[in-house]
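Listed below are the residues making up each chain.
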Amino acid sequence: MSPVEFFQFISRVLRRFRHNQGILLSGAIAYYTLFSLIPLIALLLVVLSALVPEAELLRVVDAELKMIVPWQAEQITSQLSSFLAHREVIGWAGGVILLFASSLAFTALENAMSVIFFHRVEIHRRHFLLSAVIPYLYIVALGVGLLMLTLLAGILQSVESMEFTLLQWTISLQWLAESGLYWMGIVGVWLMFSSLYWVMPVGRISLRPVLIGGAVATLLWEGMRHLLVYYFSTISFADVVYGSLATAIIALFSLEMAGIILLLGAQVIAELEHTDDVGSGLRI
C-alpha cells in the first residue's frame, strides 16, 4: 500500500465512522460496560477461585485492569477483594442477577457492531436465540482466558525470585516476570479485541482482517492509555469540578475512549471488507 492509498483508507474509515455515529455508539457501550464490568469480573472470580488461589486471580485481574482503566484498577481490585470476602451472602439469586448484569455490555456491543457492519446485516441474519446466548458463551471464554493468564502468571512469579551468577555479576530474573506480565496484558487485550471482532458481527469474518483490526485497536488503546494516565495524574482537575463523582466520571470517560477505539478497529475491518468487495485491489 502506498502512502497515498494508506491516507485515503484512513480518511474513508474516519468518514464512515462519523457517518455511523461511532461516538454516540461508544457512549452507550461505555455506560453498559461500566454497569457490567464489576459484576462480570466478580462472577468470574467466584467461579475460578475454586480452581486457583484468590490472590493469584486478583493479581492478574489487577494487571489486566491497568490495561483498561489504569487509574481505577486499584479501587476496582479492592472492591472485588471485598466482594470475594463476603461472597456467601450473594446466593443463587444474586448469582443470576450478576450473570444478567454481566451480559448487558455484550448486548450493547452487538447492537453497535450491527451498525458498523451494516453491509453484513443486509445479507446475514442472526437468530435471536443465538444473540441471547452469545454473551454467556463469551463470558465462559473470558473465564477460560483468565484462568490461563493466572496459570502463566504463577509460572512467572516462581521465576521472579530466581537469580544466577555470570562471571562476577548476579542477574535477577525479576525483570523477566514484570515484563512478562506486561506483555501478557498486551497480548490479552489484542486477543480480546480480535475475539470481539470475530464473534459479535453477524456472518463469518476471515481471520486476517480480524487480527489487523485487533492490532490497530490494541496499539491505539496502548497509546491512549499512557496519554490518559499522564493527563489525569498531572493536568486534570476532575476532582475539583466533580467532587465525589469524579471516580465515576473518569471511569466512564476512559471506557468511552476504549469504546471509540474498539469501534474504530471494527470500522477498519468493515472498510477492508468493503474494499475487497468493490475489487479496488487494496492490500495490506
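Everything numeric in this text was worked out from a predicted model, so none of it was measured. (Residues numbered from 1 in each chain as written. Predicted model: local features only at pLDDT ≥ 70, side-chain atom pairs only at ≥ 80, totals over all residues. Heavy atoms only, no water.)

Our next topic: the overall build of the protein chain. For the protein chain, the count of helices and strands is 11 helices and 2 strands. For the protein chain, the α and β elements follow one another from N to C terminus as α-α-α-α-α-α-α-β-β-α-α-α-α. Within the protein chain, buried positions represent 43% of all 284 residues. Pairs at least 24 residues apart make up 79% of the contacts formed inside the protein chain by residues separated by at least 6 positions. Only carbon and sulfur atoms are counted for the fraction: they give 69% of the accessible area of the protein chain, which is about 16,000 Å². (Helix = DSSP H or I, 4+ residues; strand = E, 2+ residues; numbered from the N terminus. Buried < 20%, exposed > 50% of the residue type's maximum accessible area, 1.4 Å probe, protein only. Contact = heavy atoms within 4.5 Å. Areas by Shrake-Rupley, 256 points an atom, 1.4 Å probe, with all protein chains shown as cover.)

Our next topic: the confidence of the model for the protein chain. Low-confidence regions, as indicated by low pLDDT, have predicted coordinates that should not be scrutinised in detail. Taken residue by residue, the protein chain gives an average pLDDT of 78. The fraction at 70 or more is 82%. pLDDT under 50 marks residues 280-284. Its contacts with residues more than four places away, or in other chains, come to 13 contacts. (pLDDT = per-residue confidence, 0-100.)

Before going further, it helps to spend a moment on the pattern of salt bridges. This model, assessed by the stated rule, comprises 3 salt bridges. Ionic pairing is found between R16 and E271, a salt bridge with its closest N-O pair at 2.3 Å. Separated by 255 residues along the polypeptide, R16 in helix α1 (residues 3-19) and E271 in helix α11 (residues 246-278) bring together distant segments of the chain. Given a relative accessible area of 1%, E271 falls into the buried group. Note that R225 and E222 form a salt bridge whose closest N and O atoms lie 2.7 Å from each other. (Salt bridge = Lys/Arg side-chain N within 4 Å of Asp/Glu carboxyl O.)

A cluster of nonpolar side chains, F237, V240, V241, Y242, L245 and I249, forms an exposed patch at the surface whose accessible area comes to about 620 Å². The element best represented in the nonpolar patch is helix α10 (residues 238-242), accounting for 3 residues. Looking at where F237 falls in the secondary structure, it is placed in the loop between α9 (207-235) and α10. Classification of F237 by relative accessible area gives exposed; the value is 56%. (Patch = residues over 30% accessible without salt bridge, like charges linked within 9 Å, V, L, I, M, F, W, Y side chains within 5 Å.)

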